[in-house]
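Below are the chains, spelled out letter by letter.
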Amino acid sequence: MGARLLGGATAAVLVFGGLGAIGAAAAPKGPGPRYTAGAAGAGDAYFPFAGNGGYDVQHYDLDLDYTPPAPAPAPLEGRLDGTATIDLVATQDLDRFNLDLRGMEVESLTVNGKTAAAVAPPMAGAEVDGAAYWHVQDDDARVWELTVQPRPKLKAGQRATVVIQYGGVTTQPEDIEEALYGWVTTRDGAMVASEPDGSMTWYPVSDHQTDKASYSFAITVPEGKVAVANGIQPKPEETADGLTTWYWDAPDAQASYLTTASVGDFELRETRYSSSGVPIIDAVDLDLAPNRLATTNASLARQADMIDFFENRFGPYPFTAYGSIVDDDDIGYALETQTRPIYSTQAGEGTVAHELAHQWFGDAVSPERWQDIWLNEGWATYAGWMWTEEAGGRTAQQSFNAWYAPARTPAYWQLQIGDPGPMGLFATQVYNRGAGTLHALRVEVGDEAFFEGTRLWLERYDDSAATADDFRAVYEEVSGEDLDEFFETWLYDQVKPPADWVQP
Ligand code: ARG
Ligand code: ZN
């Protein structure tokens, strides 16, 4: 488990004092449209400043230039310069709105072609003349907010295109309190893994899964480096003057934390296909240790079979492509980046099944609040139990029994997986008690209702986000049972659930 500091947890109290105008101002009085500031956060209690309000992003076009670090002993620092073209629709009459951007400097910003002036953050409530932007970055307060004041103002329903040129030096966080996430600079490139709120370290974004969008990428790197993002290559890479530009298109609705644009000494492998026709595009680091490469190759060879198996249980694979990025660098975990998970040092078979299952659980249907993380990690872990059974190992019931049997500390059972706190997002209990919850639910309602509910859940909330209450409602609907007490026991009771769901 990673009990390390993740973004934003303590920032709620810091809206006032010193930071200037980063939040919503009071609505002006009088008739006519009431142009107000969009909220500085998406309303997630765990990360109050992640995401923003007042608009809905349709598409991010990211044009990135990246120079990886020079060989050791040069500092482990890269240089990233980007142009982000963001298509959005205002969802209220907007005087101002925010984007999240951390550790990068904005060089220019336009809204619908009109240049905005860089200004110092005004005092809360103060007026600013004309089209303008300001950027508040307070690492101690964990507040990173880029405020855009468009002129003319945006009416609700109006589309706008925001073009932001920005750049900065990229590093690996030195603070061991800080999880290795976001644009993680490596000696041979970058390992880009942004859960939960690290996308703001590499592009201006509404960094919350309640605002999904499609993406396109053009990533320019030194010739010989390979840049791999989500989706498919719409056209081949182009090389000129020692630089190669890699193009990727991700047309499916995608949460910001599932975006990647990793750079390294990868071998981009020939596309293979699942039997349902999903293209599988893998990128494997050429510097993987030989035994780890063998493990990786064996696991990746099973991806098509895993897609078949999960499609059979859960319904169609939800996106236009799949494939894995396997980096020899180590961030300590793998991540289910959409259509293209990323792995540290090797890809083991269990982990490959886990990250693939996340494409349905987490990626296609995302947790509406970070509090609902067990819906991601419980499901991916449970799907791993199912794959183990399919592959001839323990049955899912045996995995449940094996998890349930051992005596554990009171502290283990104290963690409420339905509300683990921002520091507990990736606690082992979220994974294993989460999987136990799903298996117990299956035993409780029976296989038929369980899989019917699962498909209904995936269909109803495809390309969006939902909560644990939405989840409960689906299984109550298909089973006709009241599951309130069941979920109370499994998600919130701070003791070991009774043995009712253990079976031979
Ligand atoms: N969601 C990832 C998984 O598949 C884990 C992410 C862990 N992140 C972290 N910062 N420790 O399990
Ligand atoms: Zn996971």
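Residues numbered from 1 in each chain as written. Chains lettered and ligands numbered in written order. Predicted model: local features only at pLDDT ≥ 70, side-chain atom pairs only at ≥ 80, totals over all residues. Heavy atoms only, no water.

Caption draft 1: Examining the environment of Q338 more closely. Turning to its location among the elements, Q338 is positioned in the loop between β22 (325-327) and β23 (342-344). Once the C-alpha coordinates of Q338 and H358 are considered, the two residues, 20 residues apart in sequence, prove to be 8.6 Å apart. Discounting chain neighbours no more than four positions away, the residues touching Q338 are N230, D252, A253, Q254, A255, L258, F319, Q359 and D363. (Helix = DSSP H or I, 4+ residues; strand = E, 2+ residues; numbered from the N terminus. Contact = heavy atoms within 4.5 Å.)

Caption draft 2: Expanded view of the pairing of strand β12 (residues 189-193). By the criterion of burial, β12 is predominantly enclosed, with five of the five residues buried. Bridge analysis of strand β11 (residues 182-186) against β12 gives five bridges, and the strand direction is antiparallel. Each bridged residue has a counterpart across the sheet, and for W183 the counterpart in β12 is V192. Here β11 folds back onto β12 in antiparallel fashion, the turn holding two residues. (Buried < 20%, exposed > 50% of the residue type's maximum accessible area, 1.4 Å probe, protein only. Pairing = 2+ DSSP bridges.)

Caption draft 3: Local environment of the packing of helix α2 (residues 303-314) against helix α8 (residues 447-460). Interaxial distance between α2 and α8 falls to 9 Å at its minimum, and their mutual angle equals 100 degrees. Compared by their axis directions, α2 and α8 come out roughly perpendicular. Contacts between α2 and α8 involve E311, N312, R313 and F314 on the former and, on the latter, F451, T454, R455 and L458. A breakdown of the residues in the contact of α2 with α8 according to their chemical character gives three nonpolar, two polar and three charged. (Axes fitted to C-alpha atoms, helices over the stretch in contact; angles between N-to-C directions. Parallel < 35°, antiparallel > 145°, perpendicular 65-115°, else oblique. Nonpolar A, V, L, I, M, F, W, Y, C, P; charged D, E, K, R; others polar.)

Caption draft 4: The nonpolar core, seen in detail. F310, W374, W457 and F471 are the most contacted members of the largest nonpolar core, which has 77 residues in total. Ranked by residues supplied to this core, first place goes to helix α4 (residues 374-390) with eight residues. With sequence-adjacent residues up to four places away left out, F471 is seen in contact with W374, L375, W379, L438, L441, W457 and F487. Core analysis: the next-biggest nonpolar cluster, separate from the first, contains 62 residues, Y55, V111, A193 and M200 among them. (Core = buried A, V, L, I, M, F, W, Y, C linked by side-chain atoms within 4.5 Å.)

Caption draft 5: Structural context of α2. Under the 1.5 Å per step criterion, the end-to-end length of α2 is 16 Å for 12 residues, consistent within 8% with the ideal 16 Å. If you check which residues of α2 are buried, you get Q303, A304, M306, I307, F309, F310, E311 and F314. At its buried positions, α2 is contacted by β19 (272-273), β20 (279-280), α1 (290-300), α3 (349-360), α4 and α8. Backbone geometry just downstream of α2 places G315 in the positive-phi region, at approximately 105 degrees. (Expected span 1.5 Å × (residues − 1).)

Caption draft 6: Representation of the pairing of strand β17 (residues 261-264) within the structure. Every second residue of β17 is oriented toward a common face, with A261 and V263 on one face and S262 and G264 on the other, all of them buried. Relative to β17, strand β14 (residues 226-229) runs antiparallel, the two being bridged by four bridges. Paired with A229 across the two strands is A261, which belongs to β17.

Caption draft 7: How the structure looks around the coordination of the zinc ion (ligand 2). Looking at the zinc ion (ligand 2), the protein donor atoms are H354 (NE2), H358 (NE2) and E377 (OE), and they sit 1.9 to 2.0 Å from it. Along the chain, the residues that donate to the zinc ion (ligand 2) are spaced as H-x3-H-x18-E. Of the two residues, H354 and H358 both sit in helix α3, four residues apart, roughly one turn of that helix. Exposure remark for H358: the relative accessible area of 0% places this residue in the buried category. (Donors = N, O, S within 2.8 Å, 3.2 Å for Na, K, Ca; no water.)

Caption draft 8: The arrangement of the sheet that holds strand β10 (residues 159-170) in detail. With respect to topology, eight strands assemble into an open sheet ordered β6-β5-β10-β3-β2-β13-β16-β15, the strand pairing being mixed. With one partner strand each, in any of the chains shown, β6 (114-115) and β15 (238-240) form the two edges of the open sheet. Bridge count for strand β5 (residues 105-111) against β10 is six bridges, and the pairing is antiparallel. Paired with E105 across the strands is G167, a residue of β10.

Caption draft 9: Fine view of the site of ligand 1. Close to ligand 1 lie E195, Y333, A334, L335, E336, H354, E355, H358, E377, F426 and Y431, which account for all nearby residues. With respect to ligand 1, the side chain of E336 contributes an N or O atom lying 2.8 Å from a nitrogen atom. Within the contact set of ligand 1, an oxygen atom lies 3.0 Å away from a side-chain nitrogen or oxygen of E355. With the chains in place, 92% of the 350 Å² that ligand 1 exposes on its own is no longer accessible. The element contributing the most residues to the shell around ligand 1 is α3, with three residues. Its residues placed into classes, the shell around ligand 1 shows five nonpolar, two polar and four charged. (Near = heavy atom within 4 Å. Polar contact = N/O pair within 3.5 Å; in protein donor to acceptor, adjacent residues only side chain to side chain. Areas by Shrake-Rupley, 256 points an atom, 1.4 Å probe, with all protein chains shown as cover.)

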